[in-house]
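# Working through the structure, step by step
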Amino acid sequence: MAEDVIVETWCRRSPLTNEVSRMVVERVDVLPSRAGWMFVTGVLTGEPVNVGDQVSIRNGNQATVTTIKSVELHSRPEKTTIVLDAELRSIVTVGTVVQRQQ
């Protein structure tokens, strides 16, 4: 039993599972039926993100912290849509970096 705990602990600390989640925005959409949400799509690298994760939005020298409202995975590898507050529309554009807070 102790060996199982050691293996589980090692896996959690493995460099393969400690990659920073990062996405460069390729597309931004807002739907009239979801006026409070903004859908940002790009290729997600690192670990998967989850609803409730805090992310930083970086565009130029500006950084803002917000919470992920929803996550959609697409059929293309790593293509992901993250739902954020629509209030961030003025700072989230194509090329913006979204990165999970550590």
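Along each chain, numbering runs from 1 in the same order as the chain's sequence is written. Whole-chain, interface and lining totals are the exception, using all residues; otherwise, since this is a predicted model, local features are given only for residues with pLDDT of at least 70 and side-chain atom pairs are given and counted only at 80 or more. Hydrogens and waters are ignored; side-chain quantities use all the structure's heavy atoms.

## A closer look at the pairing of strand β6 (residues 79-85)
Just so we agree on the cut-off: Note on classification: 1.4 Å probe, protein chains only; a residue is buried when its accessible area is under 20% of the maximum for its type, exposed when over 50%, partly exposed between these limits. For helices the rule is a DSSP run of H or I covering at least 4 residues; for strands it is a run of E covering at least 2, with both sets numbered from the N terminus onward. Strand pairing requires that DSSP identify at least two bridges connecting the strands.
Of all seven residues making up β6, six are buried, and the element is well covered by its neighbours. When strand β2 (residues 37-45) meets β6, the two strands line up antiparallel, connected through seven bridges. Directly across from G42, in β6, lies its bridge partner T80. One ladder, built from four bridges, connects strand β5 (residues 70-73) with β6; its direction is antiparallel. The residue bridging E72 from the neighbouring strand is T81, located in β6. Between β5 and the antiparallel strand that follows it, β6, lie five residues; E78 among them carries a positive phi value of about 65 degrees.

## Observations concerning the pattern of salt bridges
Just so we agree on the cut-off: In the sections that follow, a salt bridge refers to a side-chain nitrogen of Lys or Arg positioned within 4 Å of a carboxyl oxygen of Asp or Glu.
Under the definition given, this model contains five salt bridges. The residue D29 makes a salt bridge to R27 at a minimum N-O spacing of 2.7 Å. Look at the salt bridges and you will find they share partners, linking E47, D53 and R100 into a network.

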